[in-house]
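Breakdown of the fold
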Amino acid sequence: MESPSYVGFANLPNQVHRKSVKKGFEFTLMVVGESGLGKSTLVNSLFLSDLYPERVIPNAVEKQNQTVKLDASTVEIEERGVKLRLTVVDTPGFGDAIDNSDSFSAILEYIDEQYERFLRDESGLNRRNIVDNRIHCCFYFISPFGHGLKPLDIEFMKKLHCKVNIVPVIAKADVLTKKEIQRLKCRIMQEIEDNGIKIYPLPDCDSDEDEDYKEQVRQLKEAVPFAVCGSTTLLEVKGRKVRGRLYPWGVVEVENPDHCDFIKLRTMLITHMQDLQEVTQEVHYENYRSERLAKSVRKNTNSVIKEDNAVPGGESLTEKDRILREKEEEIRRMQEKLAQMQAKIQAQK
């Protein structure tokens, strides 16, 4: 028999956890970057599965004429009884053309389409079984061969930072020395700040978190942009099997933190998966939703004005005006709430 002072709601987190594990988790990751930066290899390395078994690599002539198309691959991953429905959206053709001025439109359209579909499902009858295909995180791959960000990188991130959580990644980091990587990281972060680009801010730790977790988050924040290299090849090094890349001078171990930030990137993605989904829901989706509602209210207001001009007296239009005013008031409240959330996220940086 429990003591009279014990109610039992301390078990609530366990109930929530069991229900979530049973239901499984959904996560959508978008990878963007020029061809040849190792995007597919990195994704396969992160989740230990082949997401692109039937991919055909286009030749140079095909690449010149190729437009950006979006390629979504879904895989069900189960680990210790926990199910993850992972969708990876690749963007073949991005940055490969001679004129890349239209590289963004297909990607922007795709992100908006997923928000629109979610909004439609949320407003529909079958709200209990909504499939969430919204983009929760975007890995943006930066070439290691330049001296920082290209104009295309800056333009792309500026267009997308209000719609999706951007995580910048330096690709093929094994072509650079440690000093070169550090210099490139500083340069990229400076350019991101100078151009007012908002990348995904890792959440600050609460004061009651343990010291190991605080140290982990501090190291992850310092590592941005993550300098990574991927490999699905198993090699033998000093009697143990490692995933890595073999060079004449030795082996680059993908999962060795001294060789690259692969482990840090994976840790960031897995430990903050819930936060990435929450920021998508509470900031980016709410932003889209309030804009859509504002547009529909403006459209309705214009149609009411037209009808008012057309119908003498306009007795039946007073009810419409009242509904429109209520909608406008609701949108104003939502926009204020959204502004407060964004200010809070900015303050946490």
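Model, not experiment: these values are computed from the prediction. (Residues numbered from 1 in each chain as written. Predicted model: local features only at pLDDT ≥ 70, side-chain atom pairs only at ≥ 80, totals over all residues. Heavy atoms only, no water.)

Right, let's talk about the UniProt feature "site: Important for dimerization" (unreviewed entry) in the protein chain for a bit. Feature annotation in UniProt places "site: Important for dimerization" (unreviewed entry) on Phe145, given in this structure's numbering. Take phenylalanine 145: it is sitting in the loop between β4 (137–142) and α5 (151–160). Residue phenylalanine 145 is classed as exposed on the basis of its relative accessible area, which comes to 58%. (UniProt positions renumbered as here; feature names shortened; annotations may be inferred. Helix = DSSP H or I, 4+ residues; strand = E, 2+ residues; numbered from the N terminus. Buried < 20%, exposed > 50% of the residue type's maximum accessible area, 1.4 Å probe, protein only.)

A separate point is unusual backbone geometry. Omega for the peptide link from valine 224 to proline 225 comes to -5°, which places this bond in the cis form. Of note, the phi angle at lysine 172 is positive, near 45°, even though the residue is not glycine. Among the secondary structure elements, lysine 172 is positioned in the loop between β5 (166–170) and α6 (178–194).

Moving on, we come to α5. Given 3.6 residues per helical turn, the α-helix brings residues three or four places apart onto the same face. When α5 is considered as a whole, its buried residues turn out to be Leu152, Asp153, Ile154, Phe156, Met157 and Leu160. Along its buried surface, α5 packs onto β1 (25–32), α4 (103–123), β4, β5 and α6. (Contact = heavy atoms within 4.5 Å.)

Looking now at empty space enclosed by the protein. Using a probe with the size of a water molecule, rolled over the atoms, empty space left in the structure can be pinpointed. Under the counting rule described, the total for this entry stands at 1 cavity of 30 Å³ or more. Considering only enclosed or pocket space, the largest cavity measures out at about 40 Å³ in volume. Considering the residues around the largest cavity, the lining is formed by Ile166, Val167, Pro168, Tyr200, Leu202, Val224, Phe226 and Met268. Top element by residues in the lining of the largest cavity is β5. It accounts for 3 residues. Class assignment of the residues belonging to the lining of the largest cavity gives a composition of 8 nonpolar, no polar and no charged. (1 Å grid on protein atoms, 1.4 Å probe; cavity = no way out; pocket = protein on both sides within 12 Å on 5 of 7 lines; lining within 4 Å. Points joined across faces, edges and corners; volume = space filled by probe spheres on them. Nonpolar A, V, L, I, M, F, W, Y, C, P; charged D, E, K, R; others polar.)

Moving on to the pattern of salt bridges. Taken as a whole and judged by the stated rule, the model has 13 salt bridges. For glutamate 34, the salt bridge identified is with lysine 150, shortest N-O distance 2.8 Å. Taken as a pair, glutamate 34 in the loop between β1 and α2 (39–47) and lysine 150 in the loop between β4 and α5 lie far apart in primary sequence, 116 residues in all. For glutamate 34, a relative accessible area of 19% corresponds to the buried category. Residue classification places lysine 150 among the partly exposed residues on the basis of a relative accessible area of 33%. The partner of arginine 245 in a salt bridge is aspartate 174, with the nearest N and O atoms 3.8 Å apart. Taken together, the residues arginine 245 in strand β8 (residues 240–247) and aspartate 174 in the loop between β5 and α6 connect sequence positions 71 residues apart. (Salt bridge = Lys/Arg side-chain N within 4 Å of Asp/Glu carboxyl O.)

Where burial is concerned, the two faces of strand β7 (residues 234–237) differ: the one with Leu235 and Val237 is buried and the one with Leu234 and Glu236 is not. Pairing geometry for β7 and β8, over 4 bridges, is antiparallel. Looking at β8, one finds that glutamate 236 is bridged to lysine 241. Between the antiparallel neighbours β7 and β8 lie 2 residues, among them lysine 238 with a positive phi of about 50°. (Pairing = 2+ DSSP bridges.)

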